Structure formats: C-alpha cells, structure tokens
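# Structure at a glance
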Amino acid sequence: MCALKSTSLMDLNMRGLVVSLLCFLFSVATKFNCCTGHSLKALCNEEEREALLSFKTGVHDPSNRLSSWVSEECCNWEGVLCHNTTGHVLRLNLRWDVYQRASSLGGNISSSLLHLKHLRYMDLSCNDFGSLNIPKFFGFLSNLRYLDLSSAGFGGVIPHQLGNLSKLHYLDIGNCQYYIHRNSLNVEDLEWISGLPFLEYLDMTTVNLSKTSNWLQVMNKLHSLSVLRLSNCELLAIDSLRHVNFSNLLILDLSWNHLISSSFDWFADLSSLTTLNLADNTIHGQIPYGLRNMSSLIFLDLSYNKFASSLPDWLFHMTTLEHLYAISNMFQGKLPNNIGNLSSITYLDLSDNALEGDILRSLGNLCAFQLSKISHRSQGKSLEFLNLGGNKLSGSFPDTLGECKILEYLNLGENRLSGHLPNELGQLNSLSSLYIHRNSFSGKIPISLGRISTLSRLNIRENFFKGILSEKHLANLTSLKELDASSNLQLTVQASSNWTPPFQLTGLDLGSCLLGPQFPAWLQTQKNLYDLNMSYAGISDVIPAWFWTRTYQTIDLSHNQIIGSIPSLHFPRIHLGSNNFTDPQPQISSDVVELDLSDNLFRGSLSPMLCRQRTNKEVNLLNSLDVSGNLLSGELPNCWMYWRELTVLKLGNNNLTGHIPSSMASLIWLGSLHLRNNHLSGNFPLPLKNCSSLMVLDLSENELTGSIPEWIGNFIGKITETFLEVGRILYTASLMVLVLHSNKFNGSIPVELCHLNSLQILDLGNNNLSGTIPRCFGNYSRMIKPSNSTSPFPFHDPYYITFGSTDEATLVMKGVEYEYHKSLGLLAGIDLSSNNLSGGIPEEFTSLHGLIFLNLSHNHLQGKIPVKIGDMKSLESLDLSMNRLSGVIPQGMATIAFLSHLNLSYNNLSGQIPSGTQLRGFSPFSFIGNPELCGAPLTDDCGEDGKPKAPIPDNDGEDDSGWIDMKWFYLGMPWGFAVGVWAIFAPLALKRAWRHAYFQFLDEMKYKLLGWCS
C-alpha cells in the first residue's frame, strides 16, 4: 500500500512538474505570467526594428513626429502596432491629420519595409512625398490587408506590382477632398486590379483612368467589392455589361467625370446599392431606368449633368431614399404631385432646373405625409432640407409647409411664386435658413415670421413686399445672423432709436428699402456685423462717429444723400458713391481693398489722399479705386508707386489737368483705367506702355494730341502663374475695350491695333485721324462670333485674375450716348466717326458677325457699301452718313433682322432702296441727301430704270401763281406773329385778375419743377 501510495505521489509530482514546465513554456511564448496573471508584452523583433529605423532615416520629418522611434522597444513607437505574442509588426499608421500641430512626412521610402513580412495594415495617407512614385516593392508586402496611400503626394504611374497583394481587402490611392497634399497618379493598364480577389474597398479618386477603356470590365471581376469610388478619374464612357459580378456593391461614386450616356443598363442588377453618385458629368437624356430596381438606395446624386427630361414617376416611389440631389440639370415639366411618396426623404434638392407647375399641390402632399408620421408617432425619417430654388414654379407659398416640423433649410428662391406669406410660416419652429428671394411675393410680412427663434438666415430680397418691417417682426429672432430684405421698394424698415435687437448679425442687406432719413441707431448694438448694405435707402443724415470705429469687411452706403466728411478708412471694401460727402478727403488704410467715393463733392487735388508717406514695410492692398464724378482738379498725383496692387482705377468726370504722371508705369496689374471727361493734355500717355495687363482703357473727352502709338498693340495679356498639378494657367486677357473718343489724335490708325485679337469695343471717333481703315480689323475674334456672355468680361471667371465685379463705358449707339455697366460684356462695336478717314469700307468688315454697332459717319469714305453687309446679322446700329459712298444699297441689308438704327444720309447712293419691311420702316431722314435714291420710305418713286422719276412739268402758269402765293405768305408772317402775341398778352395787360392768376400759375409750376429736380 505504501508502495502504491509512493507511486501515486510520484505521479503527482511528475504531473506537477509537467504542468509547471508547460506553464513556463506558455508564459515564454505568450509573455503571460501564470503566477500573477499580468501581461508581459512581447519584445520587438530586432530585424523589423532595424527596418523601421532605416525607414525613418529616409523620411523627412520636420516636426519630429517620429521622435519616439529611438527606444529599444519598437512596439511602443508612434504609429507602430505589434502582435502581442510574436512581437512582429502588424500595423504601421503614419497618417497625417490636418488638425495636427505636427507637419506631414515627406522624403523617400526605404525598401527596408520589405523586412516587415507580417505587416497587415499600412496607412501613409495625407502626407507629402513630393510626387514620389509609389514604390514597386509595396507589391511584395504579401500579407497586407489594408493599404491607404490617399492624398500623400504620390505621382506617376501606379505600379502594376500592387496586383500581387492577393490578400488585400482595402485599397485607397485616391485624394481626400479637404487636404492640401494630393496624388497625381495615372494608370496605363488596369488589369492588375483583377489580382485582388478579396478587395472590398477601392478608392481611386482623381487617378487618371482616361487610357483604360476596359475599367468597367476589370472592376466587374472583383466579386467581393462593396465600395467603389472613381470620382474625377477622367472617365469618358461606360460600356455595357452582359453579366454583373459585383452585385454586392453598396457604394458607387462616378462623379466628376465625362460620362455622357444615360443607358447604364447594368444598373438594374445593383439591387443592393445604397449610395450612387453620378454628379458633375455630362449625362444627358433621361434618368437611367435601371435605377428603378435599386430597392435599397438611400443616397442618390444626379447633380450638374444635362438631364433634360421630366422627373420620372417611379423616382418618387423609392421609399428608402433619404437623400436626393438633382441640382443644375435641365429637368422640365411639372413637379410631380406624388413627391409625398418619398416617405424616408430627409434631404431633397431639385434646385436650378426648369421645373414648373403649382408648388402648393406638390409640396402639400409631401408635408401632409410628414404630419401623418408625426401623428402616428412614426420612427421614420422626416424632411430636414428642401431646396427648390432656381426653377419656374408658380402658385402661392404652401401653408402646409408648416407641418414639416423639423425642416431646417427651405429654399424657394428664384421662382415665380406670388401672393402673401401665410401665418403658418411661423410653425416651422426648427427652421434655420429661409430663402424666398427673387419671386413675386407681395403684401405685408406676417408677424408670425418672428416666432421662429431658430432662424439664422433670412433672405426675402427682390420681391414686392410692402408695409413695415418692424421690431415686432424681429423681436424673437434670437438666432438671426444674416438678414437680406433688399430690393423691396415699398418696404419700410422701422425701429426706434433706443431699440436693442435680440440678435447679433454678421450680414445685413437692406439696399433699396426705405430706412431714412435718419441713420439707424440700433446698428450700434451689432458688434459682429461684417457685411452691411444700406444703399438706395433714403438716408440723408450724418454717419455717427462710432460707425467708423467698427471692423466691417464690406459696407455699401451708396446712392443716398448722406452728408458730412469721412475720417480715415480701414474697412476692406467700402462703397460710398453717389452721396453728398465733402472735404477733407479721407485717409486710406493699407487694409482697404475696394474704395468707391464716386459722385460726391470732393474738391481739389488727389494728393492729400494718395500721397501720404508710407513705410517700406507697408503694403497697400487697394485693388479698386473709384473717385469719378467729383469736383477734383489739378494734375494727377505722381505717387502711384504706393498703389502697385491697383487693378481698377476710375478718375473720370472731374476737372483734372496736365499729363499722365510717370509713376503710373508702376501699375503693372492695372486692368481697367477710366480717365474720360477731364482736361488731360499731351501725347498718348507713355507711362501706360508698362501697364500691359490693361483690358479696359477709356481716355475719351480729353485734350490728348499726337498719334496713337504702335506699342498699344502689345496689350495682349500675359501669363501670371502656372499650376501644372491641376492643369491650370492664370493669366490676364488682352485689351478688350479701347475708347479714345473726342480727343485731338491725328495721323493714321496703327495696324498694330489688329494684334488685339480680344478687342470687343473700339471707339476712335471725333478725332483728326486720317488715312484708310486697316483691313485687318475684320480679324477681331470677339467681334466675329456673337457674344453670349452675361458677365462683363472674362476676368470675372475664376481662371482669370479678378479685376472687380463690373466695368463700364460711355458709348454712342443709335445716335444717343449711353453708359453701359453690366451689359458691357454683351456689346461689340466699332466707332471711327468724325475723322478724316478716306478710302473704302473694307470688305473684311462683313466677317464681323457679332458686331452690334458700326459708326463710320462724317469721314471721306468712297466706294460702295460691301455687298455682303447682310452677313452682319447682329448689327443693331449702322451709321455711314456724311461720306462719299456711291452705288446701290446692297439687298442683303434688308435681311439684318435686329437693325433698329440706320443712317445712310448725305452720300452719293443711287438706285432703289431694297424692298422689305426692314428698311422701309425707317424714317426718310435715314436716306436723305442721296439725290439718286428712290423708293419707300422716300417720296420719290423709282422709274423703270431704277432711278427717281423726273418731276412732271407745269405748263399752265402755276409756277408764277405759286411764287405770288409764297411772296404774300412771307410778307404776312410778321403781321401774323404780332397779332398772335398781342392776342395773348393784351388780356393780361388789360385784366388785372387775369394777370395775377397767370403769374401765380407760373410760380406754382416753377416750385413743382424745382421739387421734381431735387
């Protein structure tokens, strides 16, 4: 028994020894202490530690982000994660966050990373590797499951070796939208993607795939793919698919490409898709019918395409849809009444299309459904964002919108809505933004609007509201930040002088509303106001001193009757034109960017305002200066070297004298210069030769002499900056408007003007120019094609340097002087009138199909009117009068449909005026002074030979009797005049009561006229 017990004890001891040994081995393997149960983390693999240190050596790390990479234990280093058991590096996360204080990484990437044989996760995104090629050896990190190289500054061709990462589930080599560093990658052959069978997430945003026509077929091989982002990849087309293999796709982003076709038949097999983004392509026709089968779709963006059909009925039966965007297409037809079937919709944006119909019926259903969900305590989604702005919707404001209780954003602006605003508007107690601008709403603004305490942005501009916008309307708008009620001409904004608003505005626009005559005192309470517009507001007060101490960004108090003087100015954008401000001229801070003091009462020289001594470090930011229409006199100041950033300078309509100063040559960025209607003298200003960025030059109505210099043909614009990474060039355009009217220039017209191929308006009229008209004027490209620009000039395009919001020119058109502002970009014309030009009208002029006005009158032109003048279909005004033109009027002139002003008088034209209502509708004065012309509208009929019929001789002595009658007529004229005057004034002299009544009537008329003038 003892022996048995002894054996048992031995077995127990052996068993304990085995257990202890296993425990020891396990603890070594797992770094786990069996006795205490505490973790003993595995040590870093030495080979992998050396590999990481080698990587660190090649990387540029200006902020020392990798400062922790010095200790023996690499598993504790920043961005490194090791396996708890083996100590192998599994994860390398060196992503840079834009909100980090540290800088991004750059430099080179060492191939030592190949020693990280167990690496599964690598993220180098959002760094800046300076267009470094993606290392080919990345394709040999065979255990990678996750690779993120997005927005890391990589460039060149994506290496096909990445196709060796057969275990990869996640690949992002695209670009993050909000990061500075961007990849500039392209692919020549995408077939390597098919070597990633387990890929679930693929983002190639902004990778150039234009050479990979088979991209869809390659992607279709990825059976596991659930997210595919190919935004801005230069995709040109989508081929059809016989069979869809990636039917598990959840997210598909094809936005910002050049896709045109709208067939997309294979869409019908993507029934699991939840997000589809097709925005910013050129897809036309109808919405792809295959979308109808996407029963799980939650997000759909069709914005910025060319869809031109009506909205299909099936679109509004997609009950899972939460976000629907179809901005800026050409959708037309009525807004469907079944829009209320979108039972899950939270964001709906159909803005900037051509939708029409009664908005009340359509939106009534939508909000009625929202109400039913609330009444049944439904847990479904509710409408939060609704944008239908920029359409052709009609009807009145839907009072049922008040049922959309959680609606936060509502935009119905730029439609054709009318009627009064309903009181139910005040029920939108979650609304933060309300835009109903540019409609035809009328009546009074309801007090209930003031109940929406959540409202932060309110825009009711350009309607027909009337009555008073009072403190009661605004009393509860505690969240209000932006208020725009401008251009409601019958709306009065009324508040007491001691009113303290409950809000703090950042933007206020009350232009063209009645505010005055006092300056609104309550503005003093608005400490955060940055943008203020109170133009055309009827203010005739003095601006209080506190106003000038604020930190506004933009103020517009123009077109009032404000009086007083202006202290020093420091706001960036200041518009005080068309008031009654007087001297002294204000001092301009270096922070001012735009300054408009036009049409005021400033006198004297400009030197006190512009020539204050500046420090060497002080850089004046002034971009635009307008002091035209004042009473300024003296010579132009010679201190323009202080204002090198000027791009717009308007000094016209003053009494300035002398020459253009030499310092104006410092204005190398000057794009628009207006000096018209002064008394400037001397030759053509030589300092302007250095202003090669000029696009608008108006020197008209001065006393300039000499010849027009040849160097003016060098104003052809210049490249200012090149951005190769985005394929964009920043440049200034060439001279587009040249107005030298009413000076004393002589000599011939330089042919170098023909180098200005962007010239759109050329006015050299009323000078002493001689010689012939250059034939190359017919080559002006901007006059050859009709302009469809709604912007004054292309420098308002973001691809150009911006020189201000509008420009202007005073031109003679249709015999009348007009001042053009916003429509200037639509004009194209030539005025060479009132000179001493000779020769003929160049036949090349007839190629200027976009020319709107042509004035060659009061010269010595000879020859015939060009036969093809009928090709100038855009002509609205044509004046060839007071020349020596001969021959017949071309028949094609009768086909110029837009011609509304024609003057061919006092030439040597002959023959019959072309038939047709176009020419015969003009006055006979358009053709007088051409003895050989005949036919309507002249009274002289044409004979069979096409010449005026000779008058029929009178053989009955009627000529003599006619002369006798005329003689008695002339003899009787003085007597008739005397009798007529006496018949009027005799009763006034004889009747005292009549005399008093007459002069009282004259006094009343005088005061009425004075009242109207003031």
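Residues numbered from 1 in each chain as written. Predicted model: local features only at pLDDT ≥ 70, side-chain atom pairs only at ≥ 80, totals over all residues. Heavy atoms only, no water.

Attention shifts here to the sheet that holds strand β23 (residues 392-396). Strand order in the open sheet formed by seven strands is β19-β21-β23-β25-β27-β29-β31, and the pairing between neighbours is parallel. Of all strands in the sheet, those with a lone pairing partner are β19 (332-334) and β31 (490-493), marking the two edges. Across the sheet, the mean angle from the axis of one strand to that of its neighbour is 20 degrees, orientation sign disregarded. Pairing analysis gives two bridges linking strand β27 (residues 440-443) to strand β29 (residues 464-469), with the strands arranged parallel. Bridge assignment links S442 to a residue of β29, and that residue is F464. (Pairing = 2+ DSSP bridges. Helix = DSSP H or I, 4+ residues; strand = E, 2+ residues; numbered from the N terminus. Axes fitted to C-alpha atoms, helices over the stretch in contact; angles between N-to-C directions.)

The strands that make up a sheet are held in pairs by hydrogen bonds between backbone atoms, and each pair lies either parallel or antiparallel. Taken together, the three strands give an open sheet; going across it, the order is β6-β8-β10, and neighbouring strands pair in parallel fashion. Sheet topology places β6 (132-133) and β10 (184-186) at the edges, where each strand pairs with a single neighbour. Taken together, the three bridges between strand β8 (residues 154-157) and β10 define a ladder with parallel strand orientation. When the sheet's bridge partners are listed, G156 is paired in β10 with L185.

Bringing the pairing of strand β45 (residues 679-683) into the picture now. The side chains of a regular strand alternate between the sheet's two faces. Two strands pair when backbone bridges link them, and strand β43 (residues 655-658) and β45 are joined in this way by two bridges, in the parallel orientation. Its bridge partner lying in β45, T657 is registered against H679. Pairing between β45 and strand β47 (residues 703-707): three bridges, direction parallel. Within the sheet, the bridge partner assigned to S681 lies in β47 and is E703.

Bringing the pairing of strand β63 (residues 908-912) into the picture now. Looking at chain direction, strand β61 (residues 884-887) and β63 are connected through two bridges and run parallel. The partner of G887 across the bridge, within β63, is L909.

Counted according to the given criterion, the structure contains five disulfides. Disulfide pairing is shown between C75 and C82; the S-S distance is 2.1 Å. Judged by the sign of its S-S torsion, about -100 degrees, the bond between C75 and C82 is left-handed. Each member of the pair, C75 as well as C82, is classed as buried. The side chain of C754 participates in a disulfide bridge whose partner is C776; the two sulfur atoms lie 1.8 Å from each other. Torsion about the S-S bond of the C754 and C776 cystine: about 60 degrees, corresponding to right-handed handedness. Separated by 22 residues along the polypeptide, C754 in the loop between β51 (744-748) and β52 (761-763) and C776 in the loop between β53 (768-771) and α7 (781-784) bring together distant segments of the chain. (Disulfide = S-S within 2.5 Å. Buried < 20%, exposed > 50% of the residue type's maximum accessible area, 1.4 Å probe, protein only.)

Position of S666 relative to the elements: it lies in the loop between β43 and β44 (672-674). A residue is classified by how much of its surface remains accessible, and S666, at 16% relative accessible area, is buried. Aside from chain neighbours lying at most four places away, what touches S666 is W640, M641 and R644. (Contact = heavy atoms within 4.5 Å.)

The geometry of two aromatic rings is summed up by the distance between their centres and the angle between their planes. By the definition in use, this model includes 32 aromatic pairs. Ring centres of Y347 and F385 lie 5.4 Å apart, and the angle between their planes is 20 degrees; this geometry places the pair in the stacked category. Of this pair, Y347 sits in strand β20 (residues 347-349) while F385 sits in strand β22 (residues 385-387), and the two are 38 residues apart along the sequence. Given the relative accessible area of 26%, Y347 is considered partly exposed. The exposure class assigned to F385 is buried, which follows from its relative accessible area of 17%. Taking NZ or CZ as reference, R91 lies 3.7 Å from the ring centre of Y121, over its face. (Phe/Tyr/Trp six-rings, centres within 6.5 Å; stacked < 30°, edge-to-face > 60°. Lys NZ or Arg CZ within 6 Å of the ring centre and 35° of its normal.)

Right, let's get into the environment of A545. If you trace the backbone, A545 turns up in the loop between β33 (531-533) and β34 (554-556). Judged by relative accessible area, which is 62%, A545 ranks as exposed. Along the sequence, A545 and P567 sit 22 residues apart, while their C-alpha atoms lie 8.8 Å from each other.

Bringing the nonpolar core into the picture now. Ranked by internal contacts, the top residues of the largest apolar core, which has 249 residues, are F138, M204, M219, F547 and M893. When residues of this core are traced back to their parent elements, those giving at least two are α2 (46-58), β2 (80-82), β3 (89-93), α3 (215-219), α4 (359-375), β29, β31 and α6 (607-610). Sorting elements by how many residues they give to this core places α3 first, with four residues. (Core = buried A, V, L, I, M, F, W, Y, C linked by side-chain atoms within 4.5 Å.)

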